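# Examining the three-dimensional arrangement
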Amino acid sequence: MDEFAAAYPFSSRARELLKSVGKEELSPQRLRSAGERLLDAIQGRKPFREQSARERVVDYVLARILLAAIDRPSAARKYASSVARAALEKIGDETIEERFAELAKDFFPSVQESGGEYVVSLADYLKNGSGLLYAPLEAGKVFFSRNEIQSLLKKAIEARVCDLSSISLKTLPPFVSEVAKEIEPRIPREQARVAHAGKYLDLPCMKKILQGLPEGKRFYGAMALAIACVKDGLSKEDAVKLVSSYAENCSKGSSPFTVREAQTSVDWIYRHSSIGFSCNKMREQGLPVDCAGCSLALERRRAK
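Residues numbered from 1 in each chain as written. Predicted model: local features only at pLDDT ≥ 70, side-chain atom pairs only at ≥ 80, totals over all residues. Heavy atoms only, no water.

This part takes up the overall build of the chain. Looking only at helices and strands, the chain has 15 helices and four strands in total. For the chain, buried positions account for 42% of its 304 residues. Carbon and sulfur atoms form 51% of the exposed surface of the chain, whose accessible area is close to 16500 Å². (Helix = DSSP H or I, 4+ residues; strand = E, 2+ residues; numbered from the N terminus. Buried < 20%, exposed > 50% of the residue type's maximum accessible area, 1.4 Å probe, protein only. Areas by Shrake-Rupley, 256 points an atom, 1.4 Å probe, with all protein chains shown as cover.)

Structure representation (structure tokens):
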């Protein structure tokens, strides 16, 4: 069943295969090879070199270690989406129903199939589902067609692959961070998108800050963006997404500016939402303020 483990490297069977993996698998050269596979997956390229089942499973583990060291949630999401999409394509080609059932039970232990319909317990569904608004529910069970259970399985796979919380970088050798620094600049960056841009987030200075700032100014940039989000009436959830994208665009410097630090800025500002938007304060903090063509500056001049 090694091929099953290679096709679904996030599965329980893959974890069984990994029990035979030794420390020699974690070397700078091996990690760089896994990094290339990570880039292939994120950018939608087919791997150039064929690999054994064991190599593919090990690459999956090493790719997630690299993603944890890189600390860019958008990159982890892209990788998880690629892995899940490949798994669904494989499931679509799968002719042995027992194999599909085995994978489904990895995420939904209660799943049962009867006459082409799949039944999952409410508890299993809530762990991996997306709400009950349109789910057919009866006697504590949720019912799905084959296509629906595959869609639900895809979401569950993405969530498992994207969850890097169990990876402790403190226990890994220093070369992991070194290789991560080599790979990180080659991962395409997501353009920070404003769901409901308003007067403040449309300002030239805010658009400039969104592109990322150097060390020493990153915290102030996050605070300025959070204030702009409050003033434009964004929900806290949308503000967190925006400021998280900004954090990923910031230069790493001698120490990274993490997404969690950026989110802390949003938390604080949304608890003190009466704070004003001050161009002078932004100048004092060294942020890129340019009043030429600024609608806010023009508005203030007219008010005088």
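There is more to say after this.
Attention shifts here to the environment of I269. By the element assignment, I269 lies in helix α13 (residues 259-271). For I269, a relative accessible area of 2% translates into the label buried. Considering only alpha carbons, one finds I269 and A228, 41 residues apart in sequence, at a separation of 9.9 Å. Sequence-distant contacts of I269, that is, excluding residues within four places in its chain, are made with M223, A226, I227, V230 and I275. (Contact = heavy atoms within 4.5 Å.)

Here four strands make up an open sheet; going across it, the order is β1-β2-β4-β3 and the pairing antiparallel. The open sheet terminates on both sides in strands that have one partner only, identified here as β1 (112-114) and β3 (137-138). Pairing analysis gives two bridges linking β3 to strand β4 (residues 141-144), with the strands arranged antiparallel. Bridge pairing in β4 places E138 opposite K141. Helix-sheet contacts for helix α8 (residues 146-162) involve β2 (117-121) and β4, and the interaxial angle to β4 is about 115 degrees. (Pairing = 2+ DSSP bridges. Axes fitted to C-alpha atoms, helices over the stretch in contact; angles between N-to-C directions.)

What follows concerns the side chain of Q150. Along the chain, Q150 turns up in helix α8. For Q150, a relative accessible area of 13% puts it in the buried group. Here the side chain of Q150 touches R146 through a polar contact of 2.8 Å, side chain to side chain. (Polar contact = N/O pair within 3.5 Å; in protein donor to acceptor, adjacent residues only side chain to side chain.)

Helical geometry: 3.6 residues make up each α-helical turn, so side chains three or four residues apart lie on a common side. Helix length check: helix α4 (residues 53-70) (18 residues) gives 26 Å between terminal C-alpha atoms against 26 Å at 1.5 Å per residue, within 8%. The buried count for α4 comes to 13 of 18 residues, which makes it a mostly enclosed element. D71 sits one or two residues past α4 and shows a positive phi near 60 degrees. (Expected span 1.5 Å × (residues − 1).)

Turning our eyes to something else, we now look at the nonpolar core. If you look at the biggest cluster of nonpolar residues, it comprises 53 residues, and the most contacted ones within it are F10, Y79 and I157. Filtering out sequence-adjacent residues up to four positions away, F10 remains in contact with R15, Y60, V83, A87, L103, D106, F107, I157, R160 and V161. (Core = buried A, V, L, I, M, F, W, Y, C linked by side-chain atoms within 4.5 Å.)

The subject of this paragraph is the packing of α4 against helix α9 (residues 175-183). It is at 9 Å that the axes of α4 and α9 come closest, and there the two elements cross at 80 degrees. Taken together, the axes of α4 and α9 lie roughly perpendicular to each other. Mapping the contact onto sequence places I65, L66, A69 and I70 in α4 and V176, V179, A180 and I183 in α9. (Parallel < 35°, antiparallel > 145°, perpendicular 65-115°, else oblique.)

Under the counting rule described, the total for this entry stands at nine aromatic pairs. Among the aromatic residues, those joined into a cluster by ring pairs are F4, Y8, F10 and F107. Its end group placed over the ring of F100, R146 keeps NZ or CZ at 3.8 Å from the ring centre. Its guanidinium or amino end placed over the ring of F107, R160 lies 3.8 Å from that ring's centre, counting from NZ or CZ. (Phe/Tyr/Trp six-rings, centres within 6.5 Å; stacked < 30°, edge-to-face > 60°. Lys NZ or Arg CZ within 6 Å of the ring centre and 35° of its normal.)

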